[in-house]
Amino acid sequence: MAKSKKKKEVKDSVEVSEKKSIGFFQILLAWIIIPLMFTTAVVLIIAKVADVNVFDQAKEWTSKVPFLEQKAPDEKVEGDLILEERVISLQAEIQEKEAQLFEVQDELTQVKDSNETLVIEKEKLDEEIEKLKLEQSESKRDFKEIVTTYEQMSAKSSAPVITKMGDAEAIQILSSLKPATLAAILEKMSPEEAAKYTSMLTK
């Protein structure tokens, strides 16, 4: 009997607590949520009748609130512009450096070509000098042979031949002869010719 009484008391206390909690929710619903929903519906109906876009108006109002303004996109745009300008300036600098590099390469190519031309010209000049030296040595050898021939000839035979030569050639040969041979040849010439060649030899 005592057990059934206790069960009944527990059951009654649970029902009372359920009724209290339901009562609070009903009060909240009746006094706050329903009037708020009703007010929202009335505002939306009035806005519709007045041809006002509620969402655009809400965006406009929030953009005027200082702490809701979004400054980040503007800052981002400015940063992007600065980076873009920097990239453009760097690209321009790279192009300028490439142009300078091409100019230097062209100059090096021209210098290389001119050096090759100078080397070729030097080789040609060296060849010409060698030829001239060879010709000079040959002409010296030929001249020595001529002088030796005149020394071996008799003065009577060589004197008329020398007088028939040009003055420069005659003086060149006469100045290369030994004194005894020269004297013998001058003896076989006429006095006028001997005097002429003697005066030319003393100059």
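Parameters and conventions
The written sequence of each chain sets the order in which its residues are numbered from 1. Side-chain atom pairs in this predicted model are given and counted only at pLDDT of 80 or more, local residue features only at pLDDT of at least 70, and totals for whole chains, interfaces and linings cover all residues. Each side-chain value is worked out from all heavy atoms of the structure, with water and hydrogens disregarded. Secondary structure counts use DSSP, requiring at least four H or I residues in a row for a helix and at least two E residues in a row for a strand, with both numbered from the N terminus. Buried residues are those whose accessible area, probed at 1.4 Å on protein chains only, stays under 20% of the maximum for their type, while exposed residues exceed 50% and partly exposed ones sit between those limits. By definition in these notes, contact holds between two residues if any of their heavy atoms fall within 4.5 Å. Using the Shrake-Rupley algorithm and a 1.4 Å probe, accessible areas are obtained, with residue cover drawn only from the displayed protein chains. Two distance rules govern patches: like charges are joined within 9 Å, and nonpolar side chains (Val, Leu, Ile, Met, Phe, Trp, Tyr) within 5 Å, applied only to residues with over 30% relative accessible area and no salt bridge. The rule for a salt bridge is simple: a side-chain nitrogen of Lys or Arg has to be within 4 Å of a carboxyl oxygen of Asp or Glu. Two rings from Phe, Tyr or Trp (for Trp, the six-membered ring) form a pair when their centres sit within 6.5 Å of each other. Planes less than 30 degrees apart are called stacked, planes more than 60 degrees apart edge-to-face, and all others tilted. Comment: the charge-over-ring label is applied if NZ (Lys) or CZ (Arg) is within 6 Å of the ring centre and within 35 degrees of the ring normal. Only four residue types enter the charge count: Lys and Arg as positive, Asp and Glu as negative, with His and the chain ends excluded. Where a charge sits is defined by one atom per residue type, namely NZ (Lys), CZ (Arg), CG (Asp) or CD (Glu). Here the arc refers to the directions that run from the helix axis out to each C-beta atom. In this text, buried Ala, Val, Leu, Ile, Met, Phe, Trp, Tyr and Cys residues form a nonpolar core when linked through side-chain atoms within 4.5 Å. Under this scheme, a helix contributes an axis fitted over its contacting stretch, all axes are lines through C-alpha atoms, and angles between N-to-C directions fall in the 0 to 180 degree range. The cut-offs work like this: below 35 degrees is roughly parallel, past 145 is roughly antiparallel, 65 to 115 is roughly perpendicular, and the gaps in between are oblique.

## A short note on the overall build of the chain
What the chain contains, in helices and strands, is seven helices and zero strands. In the chain, buried positions account for 9% of the 203 residues. Long-range pairs, those at least 24 residues apart, make up 60% of the contacts in the chain between residues at least 6 apart in sequence. About 17,600 Å² of surface is accessible on the chain, with carbon and sulfur atoms providing 62% of the total.

## Quick look at a nonpolar patch on the surface
Nonpolar side chains collect at one region of the surface, where F24, F25, I27, L28, L29, W31, I32, I33, I34 and M37 lie side by side and expose about 1,100 Å² of accessible area between them. Its place among the elements puts W31 in helix α1 (residues 2–49).

## A short note on the packing of aromatic side chains
Within the structure shown, the criterion is met by zero aromatic pairs. The ring of Y197 has K196 sitting right over it, with the charged end atom 4.9 Å from the ring centre.

## Digging into the side chain of S158
For S158, the location among the structural elements is in helix α4 (residues 155–164). With near-sequence residues (within four places) excluded, S158 lies in contact with Y150, M153 and I185.

## With respect to the pattern of salt bridges
Under the counting rule described, the total for this entry stands at two salt bridges. A salt bridge links K122 to D126; the shortest N-O distance between them is 3.2 Å. Of the two residues, K122 and D126 both sit in helix α3 (residues 72–152), four residues apart, roughly one turn of that helix. According to the relative accessible area criterion, K122 is exposed, its value standing at 52%. Judged by relative accessible area, D126 falls into the partly exposed class, the value being 34%. In this structure, K196 engages D167 in a salt bridge whose closest nitrogen and oxygen atoms are separated by 3.5 Å.

## Description of a negative patch on the surface
On the surface, a cluster of negative charge is contributed by E135, E138, D142 and E145. Given the relative accessible area of 38%, D142 is considered partly exposed.

## Looking at α4
Those residues of α4 not exposed but buried are A155, S158, A159 and I162. The buried residues of α4 occupy one face: seen down the axis, they fall within an arc of 110°. For α4, the exposed residues set more than 90 degrees away from the buried face come down to K156 and K164.

## Some points on the nonpolar core
With 16 residues, the main nonpolar core has I162, L174, L177, I185, L186, M189 and Y197 as its most contacted residues. Contributions of two or more residues to this core are made by α3, α4, α5 (167–176), α6 (179–187) and α7 (191–202). If one sorts the elements of this core by residue count, α5 sits on top with four residues.

## What to know about α5
Residues A170, I171, I173 and L174 constitute the buried set of α5. Looking straight down α5, one finds its buried side chains confined to an arc of 165°; they lie on one side.

## Describing the packing of α5 against α7
Viewed as axis vectors pointing N to C, α5 and α7 meet at an angle of 75°, and their least axial separation amounts to 10 Å. One way to sum up the angle between α5 and α7 is to call them roughly perpendicular. Together, D167, A170, I171, L174 and S175 of α5 and K196, Y197, M200 and L201 of α7 make up the contact between the two elements.

## Overview of the side chain of T181
Among the secondary structure elements, T181 is positioned in helix α6. Overall, the relative accessible area of 17% leaves T181 in the buried class. Every residue in contact with T181, bar those within four places of it in the chain, is listed here: Y150 and E151.

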